[in-house]
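The primary structure of each chain is shown beneath.
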Amino acid sequence: MSKLVTFFRKETVLCVSLVLAVASMCIVPPDGEYRTYIDFKTLAILFCLMCVMAGLQKAGVFERGAGKLLGHVRGGSGLILVLVLLCFFSGMLITNDVALITFVPFTFIVLDMLGNGQKEKLVLPVVVMQTIAANLGSMLTPIGNPQNLYLFGKAGFSVSGFIMLMLPYTILSLVLLILWCLIQGRACPKALEAGKASVRKNYPQGKKVICQIVVYLVLFLLCLLSVGRILPWQAVLFAVILAVFLTDRKIFGKVDYSLLLTFFAFFVFVGNVGRIPVFRDFLQNMIAGREIYTAVLGSQVISNVPAALLLSGFTQDYAGLIIGTNLGGLGTLIASMASLISYKYVAKEMSGSKSKYILLFTIGNIVFLAALVLLNILLGSRGV
């Protein structure tokens, strides 16, 4: 029983999605139309990206790049800028989850090197901003987070069209993050010794690792071409599976299968609910004309990925959903599941500071969410 409770706490969203899927199947028994529910392209590309990112991370690609950047840092503000903006910009390409998995532990190492109690003073506000930065940077691109990839496919946007839709929000986010870093940087040492803020070189070395990096970079390019509808997703899926099988089969174990299964369950649930006239009409009337705010509010309760999957079945305003679910990643700790990654690291490293972290996290998220919602109002976007 205790194992079930632990599993539910760890995979709450997955468990809820499975319950909803099974419940909907009792109302709409399985038939041939079920095949139309599943967006296999989204699942395949998401799987490919997770494999590629796991391979690059295992090879130490991100730590290598970050270490070189930090080796040139001399001021406190510069240090915090690099730590936070690493998450912001990397989230655009390697997803917000991978950015936080890579750079939050990296931040603990770097701040610990500073000595003089700097880690205890800076780690909570810096990790909060890294989390916000990863969630906001990832909203610019179709591959930045799972809901973007899904909604990008549903909407049929071009890559440039998607980027232009989210660009104003990304620019404002970047400006606010830089201002915060400059202010917070005053709490850092005014000067950092050369090489002190550099990552420990414990990542893999050798020709084999370099070859693996090249392979994964090529696979990443293929994934991008598939997202841009230049290559068929079936061919890219085959290439990724074959390459990972031949280079490092352990990478398959790094894939977040619970996320893929969550997607699958929500596809079934949304598909079935769409065939129940009473529920379909109610949700359509509730969402119509209020896509952005509905997505923002829904994300606070069930997180932005499930909110995107659920609401997409009852509106055609995909632009509103894209904006709403990306902005909705700010707010509560579960608004974006990526935020839980940072929290888990803080809880492990500084267990006595969990409540303080949640307080700082909530305040920071509310400030950024309020600023972006205000921008949305000024822009007069559809769905508001």
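Here goes a summary of the coordinates provided. (Residues numbered from 1 in each chain as written. Predicted model: local features only at pLDDT ≥ 70, side-chain atom pairs only at ≥ 80, totals over all residues. Heavy atoms only, no water.)

## Some words on the overall build of the protein chain
Argument step 1. Of the regular secondary structure elements, the protein chain holds 18 helices and 0 strands.
Argument step 2. For 384 residues, the compact-globule formula gives about 21 Å, and the C-alpha radius of gyration of the protein chain, at 21 Å, lands near that figure.
Argument step 3. For the protein chain, the spread of C-alpha atoms along the three principal axes comes to 65 × 50 × 50 Å.
Argument step 4. Expressed as a percentage of its 384 residues, the buried residues of the protein chain come to 53%.
Argument step 5. Within the protein chain, residue pairs in contact and separated by at least 24 positions form 81% of the contacts whose partners lie at least 6 positions apart.
Argument step 6. For the protein chain, the accessible surface area stands at approximately 17400 Å², while carbon and sulfur atoms represent 69% of it. (Helix = DSSP H or I, 4+ residues; strand = E, 2+ residues; numbered from the N terminus. Rg over C-alpha atoms; globule rule 2.2 N^0.38 Å. Buried < 20%, exposed > 50% of the residue type's maximum accessible area, 1.4 Å probe, protein only. Contact = heavy atoms within 4.5 Å. Areas by Shrake-Rupley, 256 points an atom, 1.4 Å probe, with all protein chains shown as cover.)

## Quick notes on the packing of aromatic side chains
Argument step 1. Across all of its chains, the model carries 12 aromatic pairs by this definition.
Argument step 2. Consider the rings of Tyr 150 and Phe 267, whose centres lie 5.5 Å apart with planes at 45°: the pair is tilted. Of the two residues, Tyr 150 sits in helix H8 (residues 146-155) while Phe 267 sits in helix H12 (residues 257-273), which places them 117 residues apart along the sequence. A single burial state applies to Tyr 150 and to Phe 267, both of which are buried.
Argument step 3. With centroids separated by 6.0 Å and ring planes inclined at 80°, the aromatic side chains of Phe 152 and Phe 162 adopt a geometry described as edge-to-face. Of this pair, Phe 152 sits in helix H8 while Phe 162 sits in helix H9 (residues 159-184); the two residues are 10 residues apart in sequence, bridging distant segments of the chain. Each member of the pair Phe 152 and Phe 162 is classed as buried.
Argument step 4. The structure contains a cluster of three or more aromatic residues connected by ring pairs, namely Phe 47, Phe 252 and Tyr 257.
Argument step 5. Seen from the ring of Phe 245, Arg 249 lies directly overhead, with NZ or CZ sitting 4.0 Å from the centre. (Phe/Tyr/Trp six-rings, centres within 6.5 Å; stacked < 30°, edge-to-face > 60°. Lys NZ or Arg CZ within 6 Å of the ring centre and 35° of its normal.)

## With respect to the packing of helix H10 (residues 207-227) against helix H11 (residues 233-247)
Helix packing geometry: the angle between the two helix axes and the distance between the axes.
Argument step 1. For the pair H10 and H11, the least separation of the axes is 9 Å and the interaxial angle reads 165°. In terms of their interaxial angle, H10 and H11 are classed as roughly antiparallel. Like other packed secondary-structure pairs, H10 and H11 cross with a definite hand, here left-handed. Only Trp 233, Val 236, Ala 239, Val 240, Ala 243, Val 244 and Thr 247 of H11 make contact with H10, whose side of the interface consists of Gln 212, Val 215, Tyr 216, Leu 219, Leu 222, Cys 223 and Ser 226. (Axes fitted to C-alpha atoms, helices over the stretch in contact; angles between N-to-C directions. Parallel < 35°, antiparallel > 145°, perpendicular 65-115°, else oblique. Left-handed = near helix turned anticlockwise from the far one by under 90°.)

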